[in-house]
Amino acid sequence: MVGNDGDDQTAILPLDQAGSAMPVNMNSVNLRAFDSVENGRANRAKAGLFPAEVEALQAVPDAVRCGRVLELGVGTGRLVSTLADPAETYLGVDYAAQAIQEAQRAFPDVTFRRMDARDMPDLAVDAFDFAVFSYNGLDYVDHEGRCQALAEIARVLRPGGYFLFSFHNRDFRDLDRTLEPRQIPLWERVLFFWLAGARRRRDALRDELAKGCRATSDYAILNDSGMNYALLTYYSDLAAQTALLARMGLGVEAAYAIDGRRIDPGEVFEDDYMVHVLCRKS
Ligand SMILES: C[S@@+](CC[C@H](N)C(=O)[O-])C[C@H]1O[C@@H](n2cnc3c(N)ncnc32)[C@H](O)[C@@H]1O
């Protein structure tokens, strides 16, 4: 059952990523990784929209998209121009100080605030027409945190407001490939002798994070190749997310594959590692 975190520990653990008795704290591991200077710099150059984002934004009524917009997990601002330019008001938030600094540097005239999506007491009820949490940003808190963030998003959205986000797809048929470390070619090792040390550190971190991996019938926490295996990531499926969103008063309007193709609500979607979802507050 969605939201009953911890009750369903008997589910088969996927891909041999069974956790041990001493789980690591997913929330602090991920915040530490996102808040690193290296991450802020690495994300500086990111630009462009996924076709799914283009399609989903076109499906949002103009009055909503051009109204009061809240972007969560803004990162270094990949979507800022797209969302802020047509908006009546725009607020970009992220819980990582490095991200906010980079975003503010890139967009000095735009308003950004450091804020955790799980707890946004400064934002009023019904204050926004449109909320966006892009590029799977919601997948870096644990299940309880996800429920808290969704409840907060539903609280600050006005009735009829829209929420667009994406999540890591547990049904992806090549999922096991994203969990395997990339084989480093010989020329890289020879050229960059320090890579051996970096690889040892990465492997040690992977061993540690394996303790935080787990699975229930609705989601799995996995250590995938994102940020060179420095994160614990929430993977789920469209049916489980639809049920969770419904509990928060958010009805799914449409779901999209990365290439912008619509996904049927009842479909077990296996083609991509991520799914975009557009929903509307009742
Ligand atoms: C994968 S990055 C995506 C950045 C940007 N939205 C993009 O699409 O390029 C995820 C972002 O979500 C932020 N994030 C994760 N959990 C968050 C939370 N609970 N509250 C606020 N920001 C969060 C991270 O710091 C990171 O900047």
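Reading the values: rules and limits
- Residues numbered from 1 in each chain as written.
- Predicted model: local features only at pLDDT ≥ 70, side-chain atom pairs only at ≥ 80, totals over all residues.
- Heavy atoms only, no water.
- Helix = DSSP H or I, 4+ residues; strand = E, 2+ residues; numbered from the N terminus.
- Buried < 20%, exposed > 50% of the residue type's maximum accessible area, 1.4 Å probe, protein only.
- Contact = heavy atoms within 4.5 Å.
- Areas by Shrake-Rupley, 256 points an atom, 1.4 Å probe, with all protein chains shown as cover.
- Polar contact = N/O pair within 3.5 Å; in protein donor to acceptor, adjacent residues only side chain to side chain.
- Near = heavy atom within 4 Å.
- pLDDT = per-residue confidence, 0-100.
- Core = buried A, V, L, I, M, F, W, Y, C linked by side-chain atoms within 4.5 Å.
- Expected span 1.5 Å × (residues − 1).
- Pairing = 2+ DSSP bridges.
- Right-handed = clockwise from strand over helix to strand, strands pointing away.

With respect to the overall build of the protein
Thinking step 1. The helix and strand tally for the protein stands at eleven helices and eleven strands.
Thinking step 2. When each of the 282 residues of the protein is scored for burial, the buried share is 51%.
Thinking step 3. Considering only contacts within the protein whose residues lie at least 6 apart along the sequence, 70% involve residues at least 24 apart.
Thinking step 4. With the model as given, the accessible surface of the protein reaches about 13300 Å², and the carbon-plus-sulfur share is 53%.

Section: the side chain of Asp129
Thinking step 1. Summarising the element assignment, Asp129 is placed in strand β4 (residues 128-133).
Thinking step 2. When its relative accessible area of 7% is taken as the criterion, Asp129 is described as buried.
Thinking step 3. A distance of 2.7 Å separates the side chain of Asp129 from the backbone nitrogen of Arg68, its partner in a polar contact.

A few points about the site of the ligand
Thinking step 1. As a matter of local geometry, the ligand sits amid 16 residues, with Gly73, Arg78, Asp94, Ala117 and Ser134 nearest to it.
Thinking step 2. A distance of 2.6 Å separates an oxygen atom of the ligand from a polar atom in the side chain of Asp94.
Thinking step 3. Contacts to the ligand include Ser134, whose side-chain N or O atom sits 2.7 Å from an oxygen atom.
Thinking step 4. For the ligand, whose unbound accessible area comes to 600 Å², protein coverage reaches 93%.

Digging into the confidence of the model for the protein
Thinking step 1. For the protein, per-residue confidence averages 88 on the pLDDT scale, and residues scoring 70 or more make up 83% of the total.
Thinking step 2. Overall, residues 1-21 carries pLDDT values under 50, and its contacts beyond four positions in sequence, including any with other chains, amount to 48 contacts.

Description of the nonpolar core
Thinking step 1. By size, the foremost hydrophobic cluster in this structure holds 43 residues, and its most contacted members are Leu70, Leu72, Phe163 and Phe165.
Thinking step 2. Of all the elements, helix α7 (residues 143-156) adds the most residues to this core, at six residues.
Thinking step 3. Counting 24 residues, the second largest nonpolar core, distinct from the first, contains Leu57, Val80, Tyr90 and Tyr256.

Some thoughts on α7
Thinking step 1. For α7, with 14 residues, the first-to-last C-alpha span of 20 Å sits near the 20 Å given by 1.5 Å per residue.
Thinking step 2. Burial within α7 is extensive, with ten of its 14 residues counted as buried.
Thinking step 3. Within α7 the residues assigned to the buried category are His143, Gly145, Arg146, Cys147, Ala149, Leu150, Glu152, Ile153, Ala154 and Val156.

Some thoughts on the pairing of β4
Thinking step 1. Counting buried positions over the six residues of β4 gives six, a clear majority of the element.
Thinking step 2. As paired elements, strand β1 (residues 68-72) and β4 share four bridges and run parallel to each other. What sits directly across from Leu70, in β4, is Ala131.
Thinking step 3. By the bridge criterion, five bridges tie β4 to strand β5 (residues 157-169) in an arrangement that is parallel. Note that in β5 the partner of Phe130 across the bridge is Tyr162.
Thinking step 4. With α7 bridging β4 and its parallel neighbour β5, the resulting β-α-β unit is right-handed.

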